[in-house]
Each structure stands twice: as structure tokens, then as C-alpha cells.
Amino acid sequence: MNTMRIHKRLINALALYCLVSPLIGAQAQDWQIQLSAGQANLDYQENDNAGLTPDGVLNSETGATPMATVSLIHKNNLLKHSDNRAWTPYGRLDFQYARGDSDYDGYLQSGDTLSPYQTTTDNRIWQADIALGAQKPLTDTLSITPTLNLSHRQWQRQLQQYQEDFKHTALLAGIAIDWQPLDNQPMLITASGQVGRTLNTQIDVPELGLKQSIGHAKTWQLGVEGQYQFSNDFSVNAGVSHREWQYKESAVENGYQYPDSESAETQWHVGLGYVF
């Protein structure tokens with residue numbers, strides 16, 4: 001399944017949601033568009049299951065990559081102190097792009113010989129996420145929102161010798177909790193967590209003739225965000241999130257094989273939102 005098809009499905013799902021939500025209770029000023037900038041801190045390693053290295057790691061990537069995110073959100077606005085305790089629709093769509101360098105620490109291989117090698121890697125990351133669910137206010141200042149999340153990620157890793165393209169789609173179930181900590185203050189804190197599995201995983205290394213599935217594995221993510229609405233139309237926000245996932249060992253193709261790996265990414269962001 002290619003990236004364009006995944007993105008088309010995400011957009012179609014949001015379009016359907018936009019058509020349906022007015023029929024099930026969407027209110028004015030429940031929508032918000034956010035523009036944010038921040039940093040993605042990558043921690044990636046490929047594991048040595050053959051015992052070729054002293055520490056069991058074939059190579060690792062660590063580094064901080066600048067990123068930008070566009071988000072469209074529909075949710076019940078607790079800042080209005082609504083007395084409505086009914087379930088209401090929730091939806092969120094995020095598009096994210098990051099580009100920057102990371103530090104490669106690994107080996108060069110010649111036959112069965114590995115030589116330590118360090119360099120800088122150019123990275124490009126595209127991420128699209130859609131979350132759909134239902135929100136229930138528990139009090140004037142607290143609500144709970146179960147969600148189902150579909151995520152698609154593409155990582156282009158430009159090494160000096162060749163380029164690797166990783167793709168995966170993930171399906172996650174989660175929950176978000178909104179809390180307005182101060183009475184009569186337009187401040188909102190949101191904590192969220194999701195757990196699921198990666199699907200449709202693939203690595204593509206054109207220079208080596210390697211294009212393989214790299215399995216399914218568990219994935220999870222946690223996040224917390226604060227929002228302050230300083231006018232009827234505008235808000236500022238800041239947040240941090242952490243996600244982890246794995247890729248499995250690929251089949252051998254043209255004499256090459258991708259080893260299993262572990263990935264973790266911590267992000268922070270600040271942004272401006274428009275409420276409508």
C-alpha cells in the first residue's frame with residue numbers, strides 16, 4: 001500500500017467525519033486549526049543477532065530534527081464550562097514533516113569484517129495521523145475521550161553509500177483526558193496514551209535491490225499538551241510526546257538483509273491555534 005493511497009484514505013475519513021459530525025451535535029467554536037514547530041529527537045538502533053559486534057548493536061542513529069505540524073481538531077470545548085454531559089464526536093488530523101541530520105555510529109562491512117564507522121545522516125520524515133472517537137465531559141473541568149488512531153509514517157534515511165526508505169502504518173487504540181486546572185481561566189491540559197501494532201511495514205533500498213516487508217510489532221505513544229486561549233479566536237499551545245516501535249528482520253534479497261531494529265522518538269512543540 002503506497003503513501004498516496006494511505007493519505008487519500010486519511011483525508012476521505014476526515015471528510016466523512018466532517019459531514020457526519022454536524023448531525024450528531026457539533027457546536028460552533030468546537031473546531032481548531034493549529035500550526036506548530038518543534039523538534040523530534042530520534043533514537044534508533046539495529047540489533048546484531050549474529051554476535052558480530054561486542055555490544056550487540058550494528059548501528060545507531062541519534063539526533064534532534066526540526067519539525068513542523070499542521071493539525072485540525074474537533075472536540076467539545078471545556079473552556080466554555082458547558083453543562084452538557086452527553087457523548088460528543090471527537091476528531092483530530094495531523095500532518096507532520098521533519099528534516100535534519102543525525103549521528104550515525106556503526107560499522108562498515110567488507111565480507112565478514114566490520115570496521116567502526118561514524119558519520120552524519122540526512123533524514124526526512126513524513127507522518128500523517130487521524131484519531132476518531134467520542135468525548136464525554138465528566139465535570140465542568142474534566143472530560144475523557146476514547147479514540148481509535150490510524151498513523152502512517154515514512155522515514156527517508158540518506159546514508160553516504162545508499163538511501164533507505166522505511167514505511168509503516170499503525171493502528172492504535174487510546175484515551176485522552178482533558179483537565180481545566182484553574183477556574184475561570186482559559187487553560188486546558190490534555191494527557192493522552194495509545195497502544196497498538198504496526199502494519200504494512202516495508203524497507204526499500206534501491207541501490208542494493210532490497211525491498212522487503214519488515215514485520216508487525218507493538219507500538220505505543222504518550223503525550224501531554226497545555227493550551228491557553230488568550231482570545232475568542234486564538235490560542236497558544238505547547239506539548240511533549242514519546243513513541244516507540246520496532247521493525248523485524250527482513251528476508252534475504254540479492255544477498256542483503258535488514259536486521260531487526262528498535263526506534264524511539266521524543267517530540268516537543270509550541271504552536272498557535274485558531275478556534276472557529
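Residues numbered from 1 in each chain as written. Predicted model: local features only at pLDDT ≥ 70, side-chain atom pairs only at ≥ 80, totals over all residues. Heavy atoms only, no water.

Participant: Describe the overall build of the chain, naming the residues involved and giving the relevant values.
Facilitator: Within the chain, the secondary structure is distributed over one helix and 11 strands. The linear arrangement of helices and strands in the chain, starting from the amino end, is α-β-β-β-β-β-β-β-β-β-β-β. Scored against the burial criterion, the 276 residues of the chain give a buried share of 45%. Considering only residue pairs separated by 6 or more positions, the chain has 67% of its internal contacts joining residues 24 or more positions apart. Working note: accessible area of the chain is about 13,600 Å², and carbon and sulfur atoms make up 57% of it. (Helix = DSSP H or I, 4+ residues; strand = E, 2+ residues; numbered from the N terminus. Buried < 20%, exposed > 50% of the residue type's maximum accessible area, 1.4 Å probe, protein only. Contact = heavy atoms within 4.5 Å. Areas by Shrake-Rupley, 256 points an atom, 1.4 Å probe, with all protein chains shown as cover.)

Participant: Can you tell me about the pairing of strand β3 (residues 88-110), naming the residues and giving the values?
Facilitator: With 11 bridges joining them, strand β2 (residues 57-74) and β3 adopt antiparallel strand pairing. Within β3, the residue paired with Glu 61 across the bridge is Tyr 104. (Pairing = 2+ DSSP bridges.)

Participant: With reference to specific residues and values, describe the pattern of salt bridges.
Facilitator: Should the charged atoms of two oppositely charged side chains come close, the side chains can pair. The tally for this structure, following the rule as stated, stands at seven salt bridges. Across the salt bridge formed by Arg 157 and Glu 61, the nearest N and O atoms sit 3.0 Å from each other. In this pair, Arg 157 sits in strand β5 (residues 142-158) while Glu 61 sits in strand β2, placing the two residues 96 residues apart along the sequence. Overall, the relative accessible area of 1% leaves Arg 157 in the buried class. (Salt bridge = Lys/Arg side-chain N within 4 Å of Asp/Glu carboxyl O.)

Participant: Describe the packing of aromatic side chains, and please don't skip the residues or the numbers.
Facilitator: Centre distance and the angle of the planes are the two values used to describe a pair of aromatic rings. Going through the model one piece at a time under the given rule, you end up with 10 aromatic pairs. Consider the rings of Tyr 97 and Trp 126, whose centres lie 5.7 Å apart with planes at 50°: the pair is tilted. With Tyr 97 in strand β3 and Trp 126 in strand β4 (residues 113-137), the pair connects residues that are 29 residues apart, well separated along the chain. Here Tyr 97 falls in the partly exposed class, since its relative accessible area comes to 33%. With a relative accessible area of 30%, Trp 126 lands in the partly exposed category. Here the aromatic residues Tyr 44, Trp 155, Phe 166, Tyr 247 and Tyr 258 are joined through ring pairs into a cluster of three or more. (Phe/Tyr/Trp six-rings, centres within 6.5 Å; stacked < 30°, edge-to-face > 60°.)

Participant: Provide a residue-level description of the confidence of the model for the chain, including the pertinent values.
Facilitator: A residue-level look at the chain finds 87% of positions with pLDDT of 70 or above and a mean pLDDT of 88. This model gives residues 22-26 a pLDDT under 50, and the stretch forms three contacts once residues within four places in sequence are excluded. (pLDDT = per-residue confidence, 0-100.)

Participant: Describe the side chain of Thr 198, listing the residues and the values that go with them.
Facilitator: Here Thr 198 is to be found in strand β7 (residues 187-205). Taking relative accessible area as the criterion, Thr 198 reaches 0% and is therefore assigned buried. Not counting residues within four places of it along the chain, the set of residues in contact with Thr 198 comprises His 168, Thr 169, Ala 170, Gly 215, His 216, Ala 217, Thr 219, Trp 245 and Gln 246.

Participant: Got a sec to walk through the nonpolar core? Specific residues and values, please.
Facilitator: Within the largest apolar cluster, 16 residues are counted, with the highest numbers of intra-cluster contacts made by Tyr 44, Trp 155, Phe 166, Ile 203, Ile 214, Tyr 247 and Tyr 258. Those elements giving two or more residues to this core turn out to be β1 (31-47), β7 and β10 (234-247). The greatest single-element share of this core, amounting to three residues, is contributed by β1. Those residues in contact with Tyr 258 that lie beyond four places of it in its chain are Tyr 44, Glu 46, Phe 166, Ile 203, Leu 210, Ile 214, Tyr 247, Lys 248, Glu 249 and Ser 250. (Core = buried A, V, L, I, M, F, W, Y, C linked by side-chain atoms within 4.5 Å.)

Participant: Summarise the side chain of Asp 165; cite the residues concerned and give the values.
Facilitator: Structurally, Asp 165 can be placed in strand β6 (residues 163-179). One buried charged residue, Asp 165, forms no salt bridge at all, with the nearest opposite charge on Lys 167 at 6.7 Å. A polar atom in the side chain of Asp 165 sits 3.2 Å from the side chain of Gln 163. (Lys, Arg positive; Asp, Glu negative; His and termini not counted. Polar contact = N/O pair within 3.5 Å; in protein donor to acceptor, adjacent residues only side chain to side chain.)

Participant: Summarise unusual backbone geometry; cite the residues concerned and give the values.
Facilitator: Positioned with a positive phi, Asn 200 is a non-glycine residue whose angle comes to about 50°. For Asn 200, the location among the structural elements is in strand β7. Although it is not a glycine, Asn 254 sits at a positive phi angle of roughly 55°. Considering the arrangement of structural elements, one finds Asn 254 in the loop between β10 and β11 (261-275).

Participant: Talk me through the pairing of β1; I want residue IDs and the actual numbers.
Facilitator: Bridging between β1 and β2 involves 17 bridges; their strand directions are antiparallel. Looking at β2, one finds that Gln 34 is bridged to Ser 71. Of the strand pairs in this sheet, β1 and β11 are connected by 15 bridges, and their pairing is antiparallel. Note that in β11 the partner of Gln 39 across the bridge is Trp 268.

Participant: Tell me about a nonpolar patch on the surface, residues and numbers included.
Facilitator: A cluster of nonpolar residues, Ile 33, Leu 35, Val 70, Phe 95, Tyr 228, Phe 230, Phe 234, Val 236, Leu 272, Tyr 274 and Phe 276, forms a patch on the protein surface that exposes about 940 Å² of accessible area. Among the elements of the structure, β1, β10 and β11 are those that each provide at least two residues to the nonpolar patch. Here Tyr 228 shows up in strand β9 (residues 218-229). (Patch = residues over 30% accessible without salt bridge, like charges linked within 9 Å, V, L, I, M, F, W, Y side chains within 5 Å.)

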